[in-house]
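Commentary on secondary and tertiary structure
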Amino acid sequence: MASFVERLKDPRTIVCGVTAAMADKFEWSCLWTRVVCAVAIFCNPAMGLLVYFVLALVLPKWQKPC
């Protein structure tokens, strides 16, 4: 279990790296962002995966406000 938690805390990409990018842009915890994203995808897989891949396309172009 400890290695699983360490993997979730690691900011490197898992699939597209959307949750790590969101955590970085909004200065959130990478672990909790991934947990919330996983729960959302588990509760509604179709909508969760659609939002995930849309964010994978949009986040690299989205500028962080200064």
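A brief look at the structure comes next. (Residues numbered from 1 in each chain as written. Predicted model: local features only at pLDDT ≥ 70, side-chain atom pairs only at ≥ 80, totals over all residues. Heavy atoms only, no water.)

With that out of the way, let us pick up the overall build of the protein. Helices and strands together make up the secondary structure of the protein, namely four helices and zero strands. Its helices and strands taken in sequence order, the protein reads α-α-α-α from the N to the C terminus. Considering the protein as a whole, with its 66 residues, one finds that 23% of them fall into the buried category. Residue pairs at least 24 apart in sequence account for 51% of intrachain contacts in the protein once pairs closer than 6 positions are excluded. Carbon and sulfur atoms form 72% of the exposed surface of the protein, whose accessible area is close to 5,100 Å². (Helix = DSSP H or I, 4+ residues; strand = E, 2+ residues; numbered from the N terminus. Buried < 20%, exposed > 50% of the residue type's maximum accessible area, 1.4 Å probe, protein only. Contact = heavy atoms within 4.5 Å. Areas by Shrake-Rupley, 256 points an atom, 1.4 Å probe, with all protein chains shown as cover.)

Quick look at the packing of helix 3 (residues 30-43) against helix 4 (residues 45-58) now. Running from amino to carboxyl end, helix 3 crosses helix 4 at an angle of 135°, the nearest separation of the two axes being 5 Å. For the element pair helix 3 / helix 4, the angle class is oblique. In this structure, helix 3 uses Cys-37, Ile-41, Phe-42 and Cys-43 to contact helix 4, whose residues at the interface are Pro-45, Gly-48, Leu-49 and Tyr-52. When its residues are assigned to classes, the contact of helix 3 with helix 4 shows seven nonpolar, one polar and no charged. (Axes fitted to C-alpha atoms, helices over the stretch in contact; angles between N-to-C directions. Parallel < 35°, antiparallel > 145°, perpendicular 65-115°, else oblique. Nonpolar A, V, L, I, M, F, W, Y, C, P; charged D, E, K, R; others polar.)

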